[in-house]
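# Per-entry structural report
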Amino acid sequence: MTVKSDEEIELLRENAIIVSKTLAEVAKHIKPGVSTLTLDKIAEDFIRAEGAIPGFKGYRGFPGTLCVSTNEEVVHGIPGNRVLRNGDIVSIDCGCQKDGFYGDSAYTFPVGEVSEEVLNLLRRTKKSLLMAIDVAVAGRRVGDISAVIQEYVEGFGYSVVRELVGHGIGNQLHEKPDVPNYGRRGAGVKMVAGLTICIEPMINMGVKTVVQDADGWTIRTADRMPSAHFELTVAVRKEKADVLSTFRYIEEVLGSSSI
Ligand code: MG
Ligand code: MG
């Protein structure tokens, strides 16, 4: 577990802003009829125009700039010929790398008209992330983040994916510590100022069990019910987390159709 200097945190912030803006650029194009590969190309062009490089492409052999995961796909969907349809939800996870540091952020978008039940899954998953950020302060434990997310979403009958977790971030995409979305208050690593972490609840409407596709990447729910995923990067500080990435650009694009 490494603690970042203020200079390093500013470099992480630059990357976090690039991925935040990339998600907003992708958001402009999310509509029925668009292929997930088209979204991937838009993201890659945008990231390169910002002077960064895609953070996921080539990571352990991943072929895309984005992970694009629809409906019952939880995370790590590979961009391809899949065309978005009215009523889908789509998780877009984006990474970039610039000046030796990484950015990593995700948002789940409704495509066209989505049922209120599924919109609630998105809203509550996003809310659990924002609630977790409130406890990402020096002196608290990683388990406090985990418990806040788990208690909130399980209150709606949802379940928390166990196999995938949030993580530290720096000049590696995935650093220590793990940041699980389930766990006990007061357990786990004590957070210190300058720790930089990605908090990323992956929440299933049905059972917590997930399965991996034969492509070696795509994770989907075992019961094929929908799953939502939101991710932001924070620098732990003394009083209040410094949120490095933001959904503000996405919300500007979506306006009143924002979830
Ligand atoms: Mg991510
Ligand atoms: Mg991540």
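Located above this text is the structure these notes cover.
The structure displayed is predicted, hence computed values, not measured ones.

### A closer look at the coordination of the magnesium ion (ligand 2)
D104 (OD), H167 (NE2), E200 (OE) and E231 (OE) make up the full set of protein donors to the magnesium ion (ligand 2), lying at 2.1 to 2.2 Å. Taken in chain order, the donor set of the magnesium ion (ligand 2) reads D-x62-H-x32-E-x30-E. A distance of 3.1 Å spans the gap from the magnesium ion (ligand 2) to the magnesium ion (ligand 1), which D104 bridges by coordinating each metal. Of the two residues, D104 sits in strand 5 (residues 101-110) while E231 sits in the loop between strand 13 (227-229) and strand 14 (232-235), which places them 127 residues apart along the sequence.

### Things to note about helix 4 (residues 142-154)
Its 13 residues place the ends of helix 4 18 Å apart at the C-alpha level, agreeing with the 18 Å of an ideal helix rising 1.5 Å per residue. Most of helix 4 sits inside the fold, with eleven of its 13 residues counted as buried. Within the span of helix 4, buried status applies to V142, G143, D144, I145, S146, A147, V148, I149, Q150, Y152 and V153. Structurally, helix 4 contributes buried residues whose contacts are with helix 3 (116-133), strand 6 (159-160), strand 8 (175-179), strand 9 (196-199) and strand 10 (202-204).

### Considering the nonpolar core
Counting residues in hydrophobic clusters, the biggest one holds 59 residues, and the most contacted among them are I30, I92, F109, I145, I197 and I199. Contacts of I92, omitting those with residues within four sequence positions, involve L23, V26, I30, L39, L66, C67, V68, S105, A106, Y107 and F109. If you look at the next biggest cluster of nonpolar residues, it comprises 14 residues, including L12, F56, I169 and L173.

### Re the sheet that holds strand 12 (residues 219-221)
Spatially, the three strands line up as an open sheet ordered 3-12-11, and their pairing is antiparallel. Only two strands of the sheet have a single neighbouring strand rather than two, namely strand 3 (73-75) and strand 11 (210-212). Strand-to-strand twist across the sheet, computed as the mean angle between neighbouring axes with direction ignored, equals 40 degrees. The pairing of strand 3 with strand 12 spans two bridges and is antiparallel. Looking at strand 12, one finds that E73 is bridged to R220.

### Here's the deal with the sheet that holds strand 10
Strand order across the open sheet formed by three strands is 6-10-13, with antiparallel pairing between neighbours. Of all strands in the sheet, those bounded by a partner on one side alone are strand 6 and strand 13. The pairing of strand 10 with strand 13 spans three bridges and is antiparallel. The residue bridging I203 from the neighbouring strand is A228, located in strand 13.

Here is what the cut-offs are and how they apply
- Residues numbered from 1 in each chain as written.
- Chains lettered and ligands numbered in written order.
- Predicted model: local features only at pLDDT ≥ 70, side-chain atom pairs only at ≥ 80, totals over all residues.
- Heavy atoms only, no water.
- Donors = N, O, S within 2.8 Å, 3.2 Å for Na, K, Ca; no water.
- Helix = DSSP H or I, 4+ residues; strand = E, 2+ residues; numbered from the N terminus.
- Expected span 1.5 Å × (residues − 1).
- Buried < 20%, exposed > 50% of the residue type's maximum accessible area, 1.4 Å probe, protein only.
- Contact = heavy atoms within 4.5 Å.
- Core = buried A, V, L, I, M, F, W, Y, C linked by side-chain atoms within 4.5 Å.
- Pairing = 2+ DSSP bridges.
- Axes fitted to C-alpha atoms, helices over the stretch in contact; angles between N-to-C directions.

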